[in-house]
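# Descriptive analysis of the structure
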Amino acid sequence: MIHPTQTTSSFIGVDVYSPILRAALVKGDGSVLERRQAALDSDASVSPQVERLVTELRDAAGATPVIGIGLGIPGLIDPQTNRIVIASDLPAVLRGDLGAELQRATKLPAVLVNDANAAAYGEYMVGAGRGSRNMFYVTIGSGVGGALILDGKLWLGATGFAGEFGHITIDPEGNECVCGNRGCLETVAAAPNIVRRTHERLNRDSTSSLSRLALNRNFTATDIAREARTGDDFALMMIERTGKFIGTAVAVVINLLNIERIVFGGGVMEAGELILNPIAIEAKRRSFQPCFEATQLVAATLGADAVPVGAALLARDTTQKSVP
Ligand SMILES: [Zn+2]
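## Remarks on the layout of surface pockets
One number sums up the size of the second largest pocket: a volume of about 990 Å³. Only β5 (76-78), β7 (110-114), α4 (115-126), β10 (153-154) and α11 (306-321) provide two or more residues apiece to the lining of the second largest pocket. Here the lining of the second largest pocket takes six residues from α11, the largest share from any one element. Residue composition of the lining of the second largest pocket, grouped by class: 15 nonpolar, 12 polar and seven charged. Both domains that meet at the lining of the second largest pocket, namely domain 1 (10-120 + 304-321) and domain 2 (132-301), each give it at least three residues.

## A closer look at a nonpolar patch on the surface
A cluster of nonpolar side chains, namely Val-85, Ile-86 and Phe-161, defines an oily patch on the protein surface of about 230 Å² accessible area. For Phe-161, the location among the structural elements is in the loop between β10 and α5 (186-189). Here Phe-161 falls in the partly exposed class, since its relative accessible area comes to 31%.

## Some remarks on the coordination of the zinc ion
Here the zinc ion is held by the protein donor atoms His-167 (ND1), Cys-177 (SG), Cys-179 (SG) and Cys-184 (SG), which lie 2.0 to 2.3 Å from it. Note that the zinc ion binds four donor atoms; their angles at the metal cover 104 to 119 degrees, and the shape is tetrahedral. Sequence positions of the residues that donate to the zinc ion give the spacing H-x9-C-x1-C-x4-C. Cys-179 sits in the partly exposed class, given a relative accessible area of 42%. Overall, Cys-184 belongs to the buried group, its relative accessible area being 0%.

## Some words on the sheet that holds strand β4 (residues 66-73)
Sheet architecture is open: five strands sit in the order β3-β2-β1-β4-β7, paired in mixed fashion. Among the strands making up the open sheet, the edge pair consists of β3 (32-39) and β7. The sheet shows a mean angle of 20 degrees between the axes of neighbouring strands, taken without regard to direction. Of the strand pairs in this sheet, strand β1 (residues 10-15) and β4 are connected by six bridges, and their pairing is parallel. Within the sheet, the bridge partner assigned to Val-14 lies in β4 and is Leu-71.

## Structural notes on the domain arrangement of the protein chain
According to the domain assignment, the protein chain consists of domain 1 (10-120 + 304-321) and domain 2 (132-301). One C-alpha centre belongs to domain 1, the other to domain 2, and the line joining them spans 27 Å. Domain 1 puts 10 residues into the contact, and the matching count from domain 2 is 14 residues. Summed over both partners, the interface of domain 1 with domain 2 buries about 970 Å², with 66% contributed by carbon and sulfur atoms. If you look at where domain 1 meets domain 2, you find zero salt bridges.

## Some details on the sheet that holds strand β12 (residues 296-299)
Judged by pairing direction, the sheet is mixed, and its five strands sit side by side in the order β10-β9-β8-β11-β12 without closing on themselves. Looking at strand neighbours, the two that pair on one side only are β10 and β12, the edges of this open sheet. Bridge count for strand β8 (residues 135-140) against strand β9 (residues 144-150) is six bridges, and the pairing is antiparallel. Among the inter-strand pairings, Ile-140 is bridged to a residue of β9, identified as Val-144. Of the strands in this sheet, β8, β9, β10 and β11 (261-265) touch α4, which is tilted by about 50 degrees from β9. The strands touched by helix α8 (residues 233-257) within the sheet are β8, β9, β11 and β12, with β11 carrying the most contacts at an inclination of about 150 degrees.

## Considerations on empty space enclosed by the protein
Throughout the structure, instances matching the rule amount to one cavity of 30 Å³ or more. Roughly 30 Å³ of internal volume is contained in the largest cavity. Residue lining of the largest cavity: Leu-76, Asn-114, Asn-117, Gly-160, Phe-161, Ala-162 and Glu-164, and that is the complete set. Classifying every residue of the lining of the largest cavity gives three nonpolar, three polar and one charged. Residue contributions to the lining of the largest cavity reach at least three from each of two domains, namely domain 1 (10-120 + 304-321) and domain 2 (132-301).

## Let's talk about α4
Between its first and last C-alpha, α4 extends 16 Å over 12 residues, near the 16 Å set by a 1.5 Å rise per residue. Counting buried positions along α4 gives 10 out of 12 residues, so the element sits mostly inside the fold. For α4, the complete set of buried residues consists of Asp-115, Ala-116, Asn-117, Ala-118, Ala-119, Ala-120, Tyr-121, Gly-122, Glu-123 and Tyr-124. Its side-chain oxygen at 2.9 Å from the backbone nitrogen of Ala-116, Asn-114 defines the N-terminal cap of α4.

Parameters and conventions
- Residues numbered from 1 in each chain as written.
- Predicted model: local features only at pLDDT ≥ 70, side-chain atom pairs only at ≥ 80, totals over all residues.
- Heavy atoms only, no water.
- 1 Å grid on protein atoms, 1.4 Å probe; cavity = no way out; pocket = protein on both sides within 12 Å on 5 of 7 lines; lining within 4 Å.
- Points joined across faces, edges and corners; volume = space filled by probe spheres on them.
- Helix = DSSP H or I, 4+ residues; strand = E, 2+ residues; numbered from the N terminus.
- Nonpolar A, V, L, I, M, F, W, Y, C, P; charged D, E, K, R; others polar.
- Domains from an automatic or database assignment.
- Patch = residues over 30% accessible without salt bridge, like charges linked within 9 Å, V, L, I, M, F, W, Y side chains within 5 Å.
- Areas by Shrake-Rupley, 256 points an atom, 1.4 Å probe, with all protein chains shown as cover.
- Salt bridge = Lys/Arg side-chain N within 4 Å of Asp/Glu carboxyl O.
- Buried < 20%, exposed > 50% of the residue type's maximum accessible area, 1.4 Å probe, protein only.
- Donors = N, O, S within 2.8 Å, 3.2 Å for Na, K, Ca; no water.
- Tetrahedral: all angles 85-135°; square planar, octahedral: opposite > 155°, others 65-115°.
- Pairing = 2+ DSSP bridges.
- Axes fitted to C-alpha atoms, helices over the stretch in contact; angles between N-to-C directions.
- Contact = heavy atoms within 4.5 Å.
- Buried area = accessible area lost by both parts, 1.4 Å probe.
- Expected span 1.5 Å × (residues − 1).
- Polar contact = N/O pair within 3.5 Å; in protein donor to acceptor, adjacent residues only side chain to side chain.

Written out as structure tokens, the structure is:
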């Protein structure tokens, strides 16, 4: 279906994420016209920082009218009130009513969505989810998130908080998680926790001192993936073990939903096949075979555009719903 505003209007999507705020001017068909980014001061009021990028993008839009703004937030959003319930990484966004402040400043409707939901919708509409009707999206970066699209629509759950894939328990005796539970997937598979596990292993395993990672005390998850790609066995083992944890949780999703496609995004997935293969092997091992065979496991394709594009398209859908 062609949306009436698909070619003549545009929308602004923003990834409200520390340390970088990313914004994009997006056409109604999901194509990106312009991008802007700025360092985010996560302790200062967020609204004026977003507003600056919105103004820049509206100037860049020229004569093309901008119809609405979508904001991807790393936290829980109440869809009834358009307000943030929890955003533990960004305390400043909790202090105000970001949606209302931005609406006042820009005179545009501003819709708040969970960032994993936004990325999922972006991938579903114009990325790796295209062509599917039912899709689960997994994001593995500084945190672990998930989002569900059922029959072409985001499934938000009873109160808007569905898809908390990162808080599936994979080790009942594991580390304490930010959510209060123990042994959540996020406690082992989020980028900072991959780094922590790697440090722990380097400290207690004498053969691991042969790894190139031992030479650099301040390595990141990206460094681990790079070393794995260039043949460092220890780094490869850490990536594979992480994939195994993720695959364990993916098997739960496959068994529960018999879902058509699972799309994997986020910074940790930059390891590509090195992590996707162990995820698939473990998911296959732990899931009901007919369900596994019906599921495609694929890498996301939009990269850093996923959240801004998805948030902009959700703003498009919301503004169009309000037109009689
Ligand atoms: Zn948790």
